[in-house]
Structure formats: C-alpha cells, structure tokens
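Structural characterization, general
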Amino acid sequence: IVLPDSFEILKKTISNEFQMKKNQLVIITGGLGATEDDYTLGVISSILNQKTARFEPAFQRLQSLYEKRGKDYLSLIPNVERQTRYPEDAIPLENNVGIAVGFIVKFGENSYLAAMPGVPLEMKSMFQNKFIPALEKIYPKKKLHQEWRWIWGIGESYFQNKFIEVNRNLFEDG
C-alpha cells in the first residue's frame, strides 16, 4: 500500500489493518526522518498510546555529525532529534548507514509492525542486518511459511486489473 504524507490517513489505515485480528507482519518504510511530514513515529506512538524513547547510539551519531558541520547545525538538533526515537515498548533497529532509527513493535498477540527509513540504502542495510535477525527471534524458522510469486512482463495496472481484483478473496482470507 502506498499512503500519502498525512497523519490522519496513516493512523486510520494502520489502525484498521490491525483491527482485523489476524496474525500479520506489517512493514512500513519512510516517515522516520527529521522533516515535518515524517509522521510514522508519531502515528505509531499515538495508536499504541506510547511515549517515545531516544536511541542513544543514533543521538550520539547525530550530535557528532552536527558538531562537525558547525554552530549553525548544532542549533538544529532539537528539531531533528526525533529521528533518533522509537516507541518505548518497541525493539529499536539501529541504522548503520544514516541516523533514523527503525523499530519493531507488537500490535497484538501475534501481530507486529516494523518501521524502517525510506532512504533505500538505509532501509536495505537495516532490513538485512537488523530486521531479519530480530524477526528470526520473534518468529522461529520452523513456524514460518513463505511463498514467492514472480511476475514480469506486464505493468502494475494490468496486473491489478487481471489478478488482484479477480482474486481479492485470496488477500481477504490471508
């Protein structure tokens, strides 16, 4: 699902997804940075009614980076510090490429949400080096089921029209 940079739309969509009460893992990329339209952390914290915690290694990297850039950047730290935060009950995922912290948070008995940066290089590194190992602890390999569907040679709109709409029951039934 691709969603706009809207706090209310994100909150409604994510809340609705987890109200279905099925075992699931939802992965969100983007919205963890320092700009005013980065809503992911705020939305998740709001839905879960949780405060945020600061991930100190990320804060120290941010502070060091801004100190190197000079006085003008140091004054920005209070505005950009939020990218070093995660919901207090979440598992933080360290960003070894950038600053924005990812996280995995429980959304029910067997449901989790993972949030990672939208910057592709940061997200790919976090996915491979932090998310997968954390996921293996949450879901032991013997309990996982995985299937692949390879689709090529057709556009996304054609695929949606010919497959997804016709087979919507597959998605609704899990």
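Look up a bit, the structure's there.
One structure accompanies this document, and this report is about it. The structure presented is a predicted model; accordingly, all values stated were derived computationally and were not measured. (Residues numbered from 1 in each chain as written. Predicted model: local features only at pLDDT ≥ 70, side-chain atom pairs only at ≥ 80, totals over all residues. Heavy atoms only, no water.)

Here we take up the pairing of strand S6 (residues 111–116). The buried fraction of S6 is high, at 6 of 6 residues. As judged from the 6 bridges shared by strand S1 (residues 24–29) and S6, these two strands associate in the parallel manner. In the strand pairing of S6, Thr-29 is matched with Met-116. Summarising the sheet, strand S5 (residues 102–106) and S6 pair through 4 bridges and their orientation is antiparallel. Pairing of Phe-103 across the sheet is with Ala-115, part of S6. Two successive antiparallel strands, S5 and S6, enclose a turn made up of 4 residues, where Gly-108 displays a positive phi of approximately 145°. (Buried < 20%, exposed > 50% of the residue type's maximum accessible area, 1.4 Å probe, protein only. Helix = DSSP H or I, 4+ residues; strand = E, 2+ residues; numbered from the N terminus. Pairing = 2+ DSSP bridges.)

Right, let's get into the packing of aromatic side chains. With the rule as written, the count across this model stands at 6 aromatic pairs. Seen from their ring centres, Phe-7 and Tyr-39 are 6.1 Å apart, and the 85° between their planes marks the pair as edge-to-face. Linking Phe-7 in helix H1 (residues 7–18) with Tyr-39 in the loop between S1 and helix H2 (40–48), this pair joins segments that are 32 residues apart in sequence. Ring geometry for Tyr-66 against Tyr-73: centres 5.5 Å apart, planes inclined by 85°, an arrangement best described as edge-to-face. When its relative accessible area of 9% is taken as the criterion, Tyr-66 is described as buried. Here Tyr-73 falls in the partly exposed class, since its relative accessible area comes to 33%. Above the ring of Phe-59, the side-chain terminus of Arg-54 is found at 3.8 Å from the ring centroid. Between the NZ or CZ atom of Arg-69 and the centre of the ring of Tyr-73, over which it lies, the distance is 5.1 Å. (Phe/Tyr/Trp six-rings, centres within 6.5 Å; stacked < 30°, edge-to-face > 60°. Lys NZ or Arg CZ within 6 Å of the ring centre and 35° of its normal.)

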